[in-house]
Amino acid sequence: MTTTPATPAAPTPTARPLNTWGIVRRGLQLSPELARGLWLTLTLAVLATAGRVIIPIVVQRVTDHGLLAPGGIDTGVVTKAIGFALAALVVTSSATYLLNVRLFRAAESGLATLRITAFRHLHDLSMLTQSSQRRGSMVSRVTSDVDTISQFVQFGGIILLVSLGQILLATALMAHYSPILAAVTWGCFVPLLIVVRRLQRSLGFAYGQVRERVGDLLAAVSESVVGAATIRSFGVEDRTAERIGVAIEEHRQAATKAHIRSSIAFSAGQFVAGVTLAVVLVVGTALAAGGRMTLGELLAFLFLVGLFTQPVQMATENLNELQNAVAGWRRVIEIVDTPADVADPGDDGIDLPRGPVTVDFDHVDFAYPEGDLVLRDVSTHIAPGRRIAIVGETGSGKSTFAKLLTRLMDPTSGVVRLDGHDLRTVRFSSLRERVVLVPQEGFLFDATVADNIRFGAPAGRAEVASALRELGLAEWAASLPQGLETQVGQRGESLSAGERQLVALARAYLSDPDLLVLDEATSAVDPATEVRIQHALDSLARGRTSIAIAHRISTAQAADEVIVVADGRIAQRGPHRELVTQSGPYAALHASWVANQSVADA
């Protein structure tokens, strides 16, 4: 057989970290619904601010042409101005309502797309990549981190859009009434903008730390909930509470630092707004006294200063929400942009034909990151329809063998082939249909026994019952409190370890695989349940290629051949009856099994 060594993947270059606006642009690419119809959204934002800007105009008209008219108060001008203001307010209110609706819908649609994209990509990442991060932290990226984006887009986004429109319109009107005062107003706020710009990077880092601490907190809480039984059995409730307390305290400190930094921008905004109003009042009074402004224009300008300073202050206050959202966006983008090191070839891949599978390992090496080789130059051929047991000491590499075979990981070098095809060229849809892994602890979802059995393949109740009969498990299923409708609880906690394994075997049977991989399926069960499992395995493996990672003598005895793995290499191979008579690691393992069984029987 010709060896085709795997080409080592080129190291991924370290990408330059994106700045705030780079993160926003990348986020909009992942959630295109947020930017869809942007011009209409901006138009509504401008209309939503129009009513506020109309008020200074009405004040100027009423003052100069109504109250201070040459012939006395002109009630007609006052009435028309007030009517115009009311009409503008109706338009403004309608535009505000439509703007809110558009932003809420766009935000929920866009962030739902982001959640789905991130969640699906999580499942595309290899077990190595997933295990490099705490699960609580990964969950937080799809939940709480996206929530921070949602809050900003729905509320902070509205404020920013309306504020932007309000600033632009107020500036245009201020320039119309008095270019000098408009320049004075902007001159007062330029230093604030410089300060805010410099604070932006510091706030981004601070809120990044907050999101990290949220992930750590969720990880600590989730681990303590999942491991509640272990915590109680060892009496370490106080130690666990202390550990969670540390996570809470670290989150508190990070959040406090971030809010203190954001308060600097807010306080600076308030200070500059007060100074601006005072300066405008002094300069404006001098201009009015010199006849360069009317009283109405000065009053209108003072209103406009308020309309200008209010959104600027709100923008500085909203800066912390923006940076919080950007920090959440950055963490989600980090997951989405993490390359899938075990990638689905998709349309470029092949579909495997149905039927018992031929397995070949061709000079396969595998090492975990920054670790030594776990498998070394493994080459072996497994004929279709054979029943193989893989045995070895703990840490010998037998479970790694199963993970490579099911492509939960790819070899460091060498090739794993099914039916002569490099596993990396097989579409995931075809691979998952042809190959099924039954892990050491079959994971069950919080649903009924029947729902868990048909999780791998759609099936009716009759098909589930038929599968249980063919596996010899019908009597066991009938003995459950509510039969197939028995709720298994979270992670299957209402069932014993052996019963969870029976459900996992029935699930695998319904999936109808051509290659069955069993990772220590009979470990940690009582003898009676082991008999049930062994009987079910006999039925499940019939007519299929099956490879079992074995910790029990019964599994090895039932196999057509035994492959013995030692120090990452295949040390022996052959039927149980032959290997047990030969000197080597298998004889030692067999002797250990027999001795342990004798102690258990005693």
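Residues numbered from 1 in each chain as written. Predicted model: local features only at pLDDT ≥ 70, side-chain atom pairs only at ≥ 80, totals over all residues. Heavy atoms only, no water.

Draft legend 1. Here's a closer look at the overall build of the chain. Along its length, the chain carries 20 helices and 10 strands. Within the structure as shown, the chain displays about 29700 Å² of accessible surface, and the carbon and sulfur contribution to it stands at 60%. (Helix = DSSP H or I, 4+ residues; strand = E, 2+ residues; numbered from the N terminus. Areas by Shrake-Rupley, 256 points an atom, 1.4 Å probe, with all protein chains shown as cover.)

Draft legend 2. Molecular detail of the pattern of salt bridges. Under the criterion given, the structure shown has 15 salt bridges. Note that Asp-362 is salt-bridged to Arg-417, the shortest N-O span being 2.9 Å. Of the two residues, Asp-362 is situated in strand β1 (residues 359-367) and Arg-417 in strand β4 (residues 413-418); the sequence distance between them amounts to 55 residues. In this structure, Glu-561 and Arg-573 form a salt bridge, with 3.1 Å as the shortest nitrogen-oxygen distance. With Glu-561 in strand β9 (residues 561-566) and Arg-573 in strand β10 (residues 569-574), this pair connects stretches of sequence that are 12 residues apart. (Salt bridge = Lys/Arg side-chain N within 4 Å of Asp/Glu carboxyl O.)

Draft legend 3. View of the packing of aromatic side chains. Taken as a whole, this structure holds 3 aromatic pairs when the rule is applied. Look at Phe-361 and Phe-401: their rings are 4.1 Å apart centre to centre, the planes differ by 5 degrees, and that puts the pair in the stacked class. Highlighted residues: Phe-361 in strand β1 and Phe-401 in helix α11 (residues 398-405), separated in sequence by 40 residues. The side chain of Arg-432 reaches across the aromatic face of Phe-428, ending 5.1 Å from its centre. (Phe/Tyr/Trp six-rings, centres within 6.5 Å; stacked < 30°, edge-to-face > 60°. Lys NZ or Arg CZ within 6 Å of the ring centre and 35° of its normal.)

Draft legend 4. Representation of the UniProt feature "transmembrane region" (unreviewed entry) in the chain. What UniProt calls "transmembrane region" (unreviewed entry) maps, in this numbering, to residues 38-59, 79-99, 152-174, 180-196 and 264-289. Across residues 38-59, helical content stands at 100% and strand content at 0%; the span's end C-alpha atoms are separated by 33 Å. Regarding residues 79-99, the helix share stands at 100% and the strand share at 0%, and the terminal C-alpha atoms are separated by 30 Å. (UniProt positions renumbered as here; feature names shortened; annotations may be inferred.)

Draft legend 5. Quick peek at the confidence of the model for the chain. When the pLDDT values of the chain are averaged, the result is 78; 85% of them are 70 or greater. Ignoring residues within four places in sequence, the model shows residues 1-15, a span with pLDDT below 50, making 17 contacts including any to other chains. (pLDDT = per-residue confidence, 0-100. Contact = heavy atoms within 4.5 Å.)

Draft legend 6. Inspection of the packing of helix α14 (residues 461-470) against helix α16 (residues 497-511) at higher detail. Two elements in contact, α14 and α16, have axes whose closest approach is 10 Å; the angle formed by their N-to-C orientations is 110 degrees. Comparing the axis directions of α14 and α16 gives the class roughly perpendicular. At the point where α14 passes α16, the crossing takes the right-handed sense. Across the interface between the two elements, Glu-463, Val-464, Ala-467, Leu-468 and Glu-470 of α14 pack against Ala-506, Tyr-509 and Leu-510 of α16. When its residues are assigned to classes, the contact of α14 with α16 shows 6 nonpolar, no polar and 2 charged. (Axes fitted to C-alpha atoms, helices over the stretch in contact; angles between N-to-C directions. Parallel < 35°, antiparallel > 145°, perpendicular 65-115°, else oblique. Left-handed = near helix turned anticlockwise from the far one by under 90°. Nonpolar A, V, L, I, M, F, W, Y, C, P; charged D, E, K, R; others polar.)

Draft legend 7. Fine view of the side chain of Asp-410. Relative to the helices and strands, Asp-410 resides in the loop between α11 and β4. Classification of Asp-410 as buried rests on a relative accessible area of 16%. Looking at Asp-410, its side chain comes within polar contact range of the side chain of Arg-407, at 2.8 Å. (Buried < 20%, exposed > 50% of the residue type's maximum accessible area, 1.4 Å probe, protein only. Polar contact = N/O pair within 3.5 Å; in protein donor to acceptor, adjacent residues only side chain to side chain.)

Draft legend 8. Geometry of the environment of Glu-470. For Glu-470, the location among the structural elements is in helix α14. Assessed through its relative accessible area of 41%, Glu-470 is described here as partly exposed. Sequence separation between Glu-470 and Ala-536 is 66 residues, and the spatial gap between their C-alpha atoms is 8.2 Å. Once you skip the residues sitting within four places of it in the chain, Glu-470 turns out to touch Tyr-509 and Ser-539.

Draft legend 9. A look at the sheet that holds strand β7 (residues 515-519). Across the sheet, 6 strands lie side by side as β6-β7-β8-β3-β9-β10; this open sheet has mixed pairing. The sheet is open, and its two edges are formed by β6 (435-438) and β10, each paired on a single side. With direction set aside, neighbouring strand axes in the sheet form an average angle of 20 degrees. Where β6 meets β7, 4 bridges bridge the pair, whose relative direction is parallel. Counterpart to Val-438 in the pairing with β7 is Leu-518. Sheet contacts for α16: β6 and β7; angle to β6, the most-contacted strand, approximately 175 degrees. (Pairing = 2+ DSSP bridges.)

Draft legend 10. Local environment of helix α2 (residues 38-67). Counted at 1.5 Å a residue, the expected span for α2 with its 30 residues is 44 Å, and the 42 Å between its end C-alpha atoms agrees. The axis of α2 is deflected most strongly, by about 35 degrees, at Ala-50. (Expected span 1.5 Å × (residues − 1). Bend = angle between axes of the 7 residues up to and from the residue.)

Draft legend 11. Representation of the environment of Ala-175 within the structure. Positionally, Ala-175 belongs in helix α6 (residues 144-177). A C-alpha to C-alpha distance of 9.6 Å links Ala-175 and Phe-301, two positions 126 residues apart in sequence.

Draft legend 12. Just a nonpolar patch on the surface, in detail. Where nonpolar side chains cluster on the molecular surface, the patch consists of Ile-55, Ile-82, Leu-86, Leu-89 and Phe-303 and spans about 430 Å² of accessible area. By secondary structure assignment, the location of Ile-55 is in helix α2. In this structure Ile-55 comes out as partly exposed when scored by relative accessible area, which is 32%. (Patch = residues over 30% accessible without salt bridge, like charges linked within 9 Å, V, L, I, M, F, W, Y side chains within 5 Å.)

Draft legend 13. Representation of the pairing of β1. Counting buried residues in β1 gives 8 out of 9 residues, a clear majority hidden from the surface. Bridge count between β1 and strand β2 (residues 373-382): 6 bridges; the pairing is antiparallel. Among the inter-strand pairings, Asp-360 is bridged to a residue of β2, identified as His-381. Between β1 and β2, which pair antiparallel and follow one another directly, the connecting turn spans 5 residues, one of which, Glu-370, has a positive phi of 60 degrees.

Draft legend 14. Seen up close, the sheet that holds β2. On the basis of which strands lie adjacent, the open sheet formed by 4 strands has the order β2-β1-β4-β5 and antiparallel pairing. Edge positions in the open sheet fall to β2 and β5 (421-422), since each of these has one partner strand only. Two elements, β1 and β4, share 5 bridges in a ladder whose sense is antiparallel. Within β4, the position partnered with Asp-365 by the bridge is Ser-413. With respect to the sheet, α11 is in contact with β1, β2 and β4, its orientation differing from that of β1 by roughly 115 degrees.

Draft legend 15. Structural detail: α11. Among the 8 residues of α11, 6 are classified as buried, and the element is accordingly described as predominantly covered. What α11 keeps buried is the set Lys-398, Thr-400, Phe-401, Ala-402, Leu-404 and Leu-405. Close packing links the buried residues of α11 with β1, β2, β3 (387-391), β4, β7 and β8 (545-549). Where α11 terminates, the next one or two residues include Arg-407, which has phi positive at roughly 55 degrees.

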